[in-house]
Amino acid sequence: MDVWQKELIIGLLLFLAVSVVGGMTGLFMPLALVLTLGMLMHQLYQINRFERWIRTGGRAKYPKTSGVWEEIYYHVYRIKKNEKKRKKKLGKMVDQFRQSTEALPDAAVVLGANDEIEWANKAAREVFGLQQSDKGQRIPNLIRFPEFIRYLKSGNYSEPVILPSPVNNRITLAVRIIAYGAGLRLLLAQDVTQLKKMERMRKDFVANVSHELRTPLTVLKGYLETLQDMDDGESPLLTTSFQQMQGQTERMQHLVDDLLLLTRLETQQKKTECINVPALLSQICKEAETIHGKASASSATAPALLYLPHPCSRAHAPYLHPVGNLPNRIEARIELSLESDVNIMGDEQELRSAFTNLLGNALKYSPEDSVVKVRWYRSNDSIVLDVEDQGEGIAAADIPRVTERFYRSEVKRIKKVGGTGLGLAIVKHVLMRHDAKLNITSELGKGSRFSCHFPAKRVCH
Ligand code: ADP
C-alpha cells in the first residue's frame, strides 16, 4: 500500500469516527469543523517545517516525519544529494581543465562578445603582459598593434596574424582567434620565434647562395663560349661535351635566377601602381615579335592571332622567368583576346613575370600545331586572365602540387622539356601578393587552363 492510499484511509477513518460520534451526540457539524481545522493546521505546520528546511539549503538531514511528507522530504533530499555529487564532479573537471590550460605552452584567452577578457591562462599573462585584474578589460586596449586590431575586427580568422609580444619584441607570436558558443571567442597565441628565425635563415641562405653562384656561373659561361668558339669541330666528343656543359650551365643560371626572384618576392615590398594589363599582355607578345619577328599586331577588343616562337626575352625584363630551356623554336599559335580594358593595381614587374611564366609553360607543354589562348575578361566580381592550351595536360593528382617549389610532374614526354620547377611557385607568390587566386583545370592529353582571378577591389583607372 502506498503512502497516498494510507493517508486517504486515515482521512476516511477520521471522518467515519466524527460521523459516528457526531450522530450519537448530535454534534456532527462542530466535530467535523474541528477535524477539518486540525487537518489544516497539521498541513500548515508541515509546510512551515519544509520551507524552513529548504530555506537553509536542504543540506542537513530532513526532520523526522511520516506519511506523504516523509516521501516528499526523502525525494527532495535525494535530488539535492545527486546535484551536490554532480556539482562536485563538475567542479573537479573544471579544476582539471583549468590546470591543464594553465600548463599549456600556448597562450589562451577567452574573449566575450565585446572583446572583453573573460579568462586568460598563465602563458597568456606572460606573453601579453596581462594581469589578473585585467579580467573584464577590452583586449584592444591592452594589445594595441594595428594589425591585431584589424584582425580582431575583420571577423575572418582563417589565417593567424603574426605579432611581436607586447612585453618582449624578440618573441614572435602567431595569434589565432577561434569563434565558439554565443559570441564567445578563444584567442590562441603560439610562440613562433624559432620558426620565424629558421625561415629567415633559410631565406638568407638561399638568397646568399644564389647570389654567390652568379659570379662563378658567369665566368664559366664566358670561358665555355670562348672554348666553343675555338672548337674546330674535329672531335665530336668535345663538341657534344661543350654543348652539354652549356646546357647545364644555362639550367643552373635559370635556377639561380628563379631562386633570387622567389627570395625577392618573399622579402621585398611590392610597388603598387595602376597597371594597364591589356597593354602589358600585348607587350609580352610584342617582345617576342622583337626577338623573332614573327608576331602579328594584337587588337584591344577582337581576338588577335600571334605567332610566338619564344614567349619572352629576359634581356628586356629582369623579373621574367627564364624560358631558355625551351626548344629553340616553338610553333604553337597564340590567340590573345582582350575582352576588357580594365586595369588593376599591382606591381608591373611581378605581374609580367607571372603572366610570362604561364604563357611560357603553355607553349612549352604544347604540341607544335596547337593553339594557346590568352584571355583577359571580367567575370562576375573578378577580373580574369586565362591561359589555355591544348597540350599534354596535368594528372589530377599532380594539380594541387604543381605550384610547390621544384615540383615537376612525371609525364612521359615525346621530347624532353627542361625547366626548374619554380615557375608556378613564382606565379602563386605573385598572385598571393595581389590578392588573386590561381585556378588550374586540366585533363591529361587534352590541355590545361590556368586562370588568375583578381578581386574587383583591385580595379583602377
Ligand atoms: P617548370 O615548367 O620549370 O618545370 P613550373 O613550376 O612552371 O616548372 O611547372 C611545374 C610543373 O607543372 C611542370 O613541370 C609541368 O609538369 C606542369 N605544368 C605547368 N604548366 C603546364 C602546362 N601548361 N601544361 C602541362 N603541364 C604543365
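That block above? That's the structure.
For clarity, every value in this text was computed on a predicted model and none was experimentally measured.

Draft legend 1. Quick peek at the sheet that holds strand S3 (residues 161–164). Read across the sheet, 5 strands follow the order S2-S1-S5-S4-S3 without closing on themselves; strand pairing throughout is antiparallel. For this open sheet the edge positions go to strand S2 (117–120) and S3, each flanked by a neighbour on one side alone. Looking at each pair of strands side by side, their axes are set apart by 25 degrees on average, direction ignored. Pairing of strand S4 (residues 172–180) with strand S5 (residues 184–191), which is carried by 8 bridges, proceeds in the antiparallel orientation. If you follow tyrosine 180 over to S5, its bridge partner there is leucine 184.

Draft legend 2. Focus on a nonpolar patch on the surface. Among the surface-exposed residues, Met1, Ile9, Leu13, Leu16, Val20, Val21 and Met24 lie close enough to one another that they form a single nonpolar patch of about 750 Å² accessible area. Mapped onto the secondary structure, valine 20 falls in helix H1 (residues 3–25). Residue classification places valine 20 among the partly exposed positions, given a relative accessible area of 48%.

Draft legend 3. Representation of the sheet that holds strand S14 (residues 459–460) in the model. As summarised here, the arrangement of the 3 strands in space is S6-S9-S14, forming an open sheet in which the pairing is antiparallel. Of all the strands in the sheet, just strand S6 (273–275) and S14 have a single pairing partner and so form its edges. The pairing of strand S9 (residues 343–346) with S14 spans 2 bridges and is antiparallel. Within S14, the residue paired with asparagine 343 across the bridge is cysteine 460.

Draft legend 4. The arrangement of the packing of aromatic side chains in detail. Summed over all chains, the structure comprises 12 aromatic pairs. Ring centres 6.1 Å apart and planes at 45 degrees place the aromatic pair phenylalanine 50 and tryptophan 53 in the tilted group. On the criterion of helical spacing, the pair formed by phenylalanine 50 and tryptophan 53 is a turn pair, its members being 3 residues apart in helix H2 (residues 28–55). Across the pair, exposure class does not vary: phenylalanine 50 and tryptophan 53 are buried alike. Relative to tyrosine 77, the ring of tyrosine 62 lies with its centre 5.5 Å away and its plane at 70 degrees, an arrangement referred to as edge-to-face. In this pair, tyrosine 62 is assigned in the loop between H2 and helix H3 (68–103) and tyrosine 77 in helix H3, connecting sequence segments 15 residues apart. The exposure class assigned to tyrosine 62 is buried, which follows from its relative accessible area of 16%. Here the aromatic residues Phe50, Trp53, Tyr62, Trp69, Tyr73 and Tyr77 are joined through ring pairs into a cluster of three or more. Stacked on the ring of tyrosine 77, the Lys or Arg lysine 61 has its end atom at 4.9 Å from the ring centre. The side chain of arginine 375 reaches across the aromatic face of tyrosine 377, ending 3.9 Å from its centre.

Draft legend 5. Just the state of the cysteines, in detail. Going through the model one piece at a time under the given rule, you end up with 1 disulfide. Across the disulfide from cysteine 274 sits cysteine 460; the S-S distance is 2.0 Å. Taking the sign of the S-S torsion, about 95 degrees here, the bridge from cysteine 274 to cysteine 460 comes out right-handed. Of this pair, cysteine 274 sits in strand S6 while cysteine 460 sits in strand S14, and the two are 186 residues apart along the sequence.

Draft legend 6. Highlighting the site of the ligand. Lining the immediate surroundings of the ligand are 21 residues, of which Asn361, Tyr365, Arg408, Ser409 and Leu424 lie closest. Between glycine 423 and the ligand, the recorded distance is 3.2 Å, taken from a backbone N or O atom to an oxygen atom. Taking 530 Å² as the accessible area of the ligand by itself, protein coverage stands at 100%. Elements supplying a minimum of two residues to the shell around the ligand: helix H9 (348–364), helix H10 (423–433) and strand S13 (447–455). Here the shell around the ligand takes 3 residues from H9, the largest share from any one element. Of the residues in the shell around the ligand, the class split is 8 nonpolar, 8 polar and 5 charged.

Draft legend 7. Just H1, in detail. With 23 residues, H1 extends 33 Å from end C-alpha to end C-alpha; this agrees with the ideal 33 Å at 1.5 Å per step. With its phi angle positive at about 75 degrees, glycine 26 sits one or two positions after the end of H1.

Draft legend 8. Broad picture of the nonpolar core. Judged by nonpolar contacts, the single largest core of 46 residues is most densely connected at Leu281, Phe355, Val372, Trp376 and Phe454. Of all the secondary-structure elements, those providing two or more residues to this core are helix H7 (236–267), helix H8 (277–292), strand S8 (333–338), H9, strand S10 (371–379), strand S11 (382–388), H10 and S13. For this core, the leading source of residues is H9, giving 7 residues. Split by domain, this core shows at least three residues from each of two domains, domain 3 (197–267) and domain 4 (273–460). Not counting residues within four places of it along the chain, the set of residues in contact with leucine 281 comprises Leu336, Leu338, Phe355, Val374, Trp376 and Leu385.

Cut-offs and rules
- Residues numbered from 1 in each chain as written.
- Predicted model: local features only at pLDDT ≥ 70, side-chain atom pairs only at ≥ 80, totals over all residues.
- Heavy atoms only, no water.
- Pairing = 2+ DSSP bridges.
- Helix = DSSP H or I, 4+ residues; strand = E, 2+ residues; numbered from the N terminus.
- Axes fitted to C-alpha atoms, helices over the stretch in contact; angles between N-to-C directions.
- Patch = residues over 30% accessible without salt bridge, like charges linked within 9 Å, V, L, I, M, F, W, Y side chains within 5 Å.
- Areas by Shrake-Rupley, 256 points an atom, 1.4 Å probe, with all protein chains shown as cover.
- Salt bridge = Lys/Arg side-chain N within 4 Å of Asp/Glu carboxyl O.
- Buried < 20%, exposed > 50% of the residue type's maximum accessible area, 1.4 Å probe, protein only.
- Phe/Tyr/Trp six-rings, centres within 6.5 Å; stacked < 30°, edge-to-face > 60°.
- Lys NZ or Arg CZ within 6 Å of the ring centre and 35° of its normal.
- Disulfide = S-S within 2.5 Å.
- Near = heavy atom within 4 Å.
- Polar contact = N/O pair within 3.5 Å; in protein donor to acceptor, adjacent residues only side chain to side chain.
- Nonpolar A, V, L, I, M, F, W, Y, C, P; charged D, E, K, R; others polar.
- Expected span 1.5 Å × (residues − 1).
- Core = buried A, V, L, I, M, F, W, Y, C linked by side-chain atoms within 4.5 Å.
- Domains from an automatic or database assignment.
- Contact = heavy atoms within 4.5 Å.

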